[in-house]
Amino acid sequence: MLAAAPAVAQEVTYALPRTSITVEVVTRQQSFSAGKYAAYAKDLLGLDVLQKDTVITEITTLKIRPRVEADQSRRFTLILKDNQLPAYLELTKQGLISGKEGGFNDNGGLHFDKNVGAKTEDVRLLPHSKPAAGPERKPVYEEQVVTRTDSLGNEYSEIALVEVEPVDSLRIEAEKVAGSILDLREYRYKILTGDTDANYAGEALGAAIAELSRQESELLPLFEGTVSTSTARAQFEVIPDKAGTYPAFALDPCRGPVRPTRSGGCIFDLTVEPEPVGEGQPATVFPSKKHPSQHITYRIPAICLVTLTGPDGEVLSLRLPVYQLGLEATYPVYD
């Protein structure tokens, strides 16, 4: 009885597929804070150190993932009876009609890694620097006895205001700290060479050297500055609607990877170029007594060369199927 029951028509809504391209960027950022006494490091300790606060951002990894999603601008409705959909087609979770052999991968299917380089100079990014604020110094005058010469060549003395070098309180502090560092180094050297009144041996020697090194390491950042490192991960999506170049993301020297419209930093562009295709063969028509009243519309993706370029040229290039840049065709559904 069930087999004899008439087929029930069902309304099916589906969309054509389109490809979105996700660019994942992993960056490492080094933030350098200049030491309080950086200006005196060369003179007092012979150290060449940075004099300004600096932030340097570098790309460590790039990933490109294509993802298939429903194109809501290309939706269709079919009235289908039981088992009327061709056996080799099926509806996917995205609301698309696809072939059962190929199907669609939920995570986009393809995954490409590109190590751009761990060193900043390799990608020549733009560091952001801000001058270290220093104390504003005003001229200082004091009364002094000065010797002058009159028009006849006779010398005489008088009291006058003379500009003198202002007292650099910051340098005085730096000299004290530098003196402590040099004393620690000298004492450590004497312990290692045995030139001390106390005898250090075994664990006592190691503990004494470690303590002196610890004290020095606490003072050195006042001259050398400090460095902190952080890692950031961001994703940016490009949905190409035609062949051409699209800004993918920008590398801001301070904030890292951001949307290209929100930064004046280095722009990375994504270029999508469909490969040329030859003329298709004419379709073969098989005569049939059945005439279709409906058609299934589907897309044949265009194979595109997708290239990511930065300020120094090409970074990554690969071939991807992009559905919305391909051809649309129809398949008849017979009543």
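Scoring rules and cut-offs
Residues numbered from 1 in each chain as written. Predicted model: local features only at pLDDT ≥ 70, side-chain atom pairs only at ≥ 80, totals over all residues. Heavy atoms only, no water. Helix = DSSP H or I, 4+ residues; strand = E, 2+ residues; numbered from the N terminus. Buried < 20%, exposed > 50% of the residue type's maximum accessible area, 1.4 Å probe, protein only. Contact = heavy atoms within 4.5 Å. Areas by Shrake-Rupley, 256 points an atom, 1.4 Å probe, with all protein chains shown as cover. Phe/Tyr/Trp six-rings, centres within 6.5 Å; stacked < 30°, edge-to-face > 60°. pLDDT = per-residue confidence, 0-100. Axes fitted to C-alpha atoms, helices over the stretch in contact; angles between N-to-C directions. Parallel < 35°, antiparallel > 145°, perpendicular 65-115°, else oblique. Left-handed = near helix turned anticlockwise from the far one by under 90°. Expected span 1.5 Å × (residues − 1). Arc of directions from axis to C-beta. Core = buried A, V, L, I, M, F, W, Y, C linked by side-chain atoms within 4.5 Å. Salt bridge = Lys/Arg side-chain N within 4 Å of Asp/Glu carboxyl O.

### Re the overall build of the protein
The helix and strand tally for the protein stands at five helices and 14 strands. Burial statistics for the protein: of 335 residues in total, 34% are counted as buried. Taking all contacts inside the protein whose residues are at least 6 apart in sequence as the whole, residues at least 24 apart take part in 73%. Here the protein has roughly 21500 Å² of accessible surface; of this, 51% comes from carbon and sulfur atoms.

### Examining the packing of aromatic side chains
Given two aromatic rings, one states the distance between the centres and the angle between the planes to describe the pair. For the structure on display, the rule yields four aromatic pairs. Measuring from ring centre to ring centre gives 5.5 Å for tyrosine 37 and phenylalanine 223, while their planes differ by 55°; the resulting arrangement is tilted. Of the two residues, tyrosine 37 is situated in the loop between strand E1 (10–33) and helix H1 (41–45) and phenylalanine 223 in helix H5 (residues 221–224); the sequence distance between them amounts to 186 residues. A residue is classified by how much of its surface remains accessible, and phenylalanine 223, at 0% relative accessible area, is buried. Feature note: the residues Phe236, Phe249 and Phe268 constitute an aromatic cluster, connected by ring pairs.

### Looking at the confidence of the model for the protein
When pLDDT is averaged along the protein, the result is 76, and 71% of the positions lie at 70 or above. Predicted confidence for residues 1–7 stays below pLDDT 50, and this span has two contacts to residues more than four positions away or in other chains. Taken as a whole, residues 100–135 scores under 50 in pLDDT and shows 82 contacts with residues more than four places along the chain or in a different chain.

### Some words on the packing of helix H3 (residues 169–193) against helix H4 (residues 203–219)
Close contact between H3 and H4 brings their axes to 10 Å; oriented N to C, the two are set at 165°. Between H3 and H4, the interaxial angle falls into the category roughly antiparallel. In this structure, H3 crosses over H4, and the sense of that crossing is left-handed. Each of Val177, Ser180, Ile181, Leu184, Arg185, Tyr187, Arg188, Ile191 and Leu192 in H3 lies in contact with H4, whose residues at this interface are Leu205, Ala208, Ile209, Leu212, Ser213, Gln215, Glu216 and Leu219.

### A look at H4
Taking 1.5 Å per residue, 17 residues should reach 24 Å; H4 reaches 25 Å between its end C-alpha atoms and fits that length. The complete set of buried residues in H4 reads Ala208, Ile209, Leu212 and Glu216. Buried residues in H4, looked at end-on, bunch into an arc of 95°, giving them a common side. Exposed residues pointing more than 90 degrees away from the buried face of H4 are listed as Glu203 and Glu218. On its buried face, H4 sits against H3.

### Brief notes about the nonpolar core
Taken as a class, soluble globular proteins show a tendency for nonpolar side chains to be buried jointly. Grouped together as the largest cluster of nonpolar side chains are 27 residues, with contacts concentrated most on Val23, Leu62, Ile64, Phe249, Phe268, Leu270 and Leu308. Per-element accounting of this core gives the leading share, six residues, to strand E14 (residues 313–334). Of all hydrophobic cores here, the second largest spans 13 residues; its members include Ala38, Val49, Ala178 and Ile181.

### Focus: the pattern of salt bridges
All chains considered together, the criterion is met by 19 salt bridges. In this structure, glutamate 211 and arginine 214 form a salt bridge, with 2.6 Å as the shortest nitrogen-oxygen distance. Within this pair, glutamate 211 and its partner arginine 214 are both found in helix H4, separated by three residues, close to a single helical turn. The class of arginine 214 is partly exposed, set by a relative accessible area of 36%. Arginine 319 serves as the salt-bridge partner of glutamate 275, at 2.5 Å between the closest nitrogen and oxygen. With glutamate 275 in the loop between strand E12 (266–274) and strand E13 (292–310) and arginine 319 in strand E14, this residue pair connects regions lying 44 residues apart in the sequence. Taken together, the shared-partner salt bridges connect Arg18, Arg67, Glu69 and Glu237 into one network.

### Digging into the environment of arginine 171
Counting through the fold element by element, arginine 171 comes out in helix H3. Residue arginine 171 is classed as partly exposed on the basis of its relative accessible area of 25%. Among residues more than four places away in sequence, those in contact with arginine 171 are Tyr40, Asp43 and Leu44.

### Overview of the environment of isoleucine 296
By secondary structure assignment, the location of isoleucine 296 is in strand E13. Along the chain, isoleucine 296 and leucine 78 lie 218 residues apart, while their C-alpha atoms are 7.8 Å from each other.

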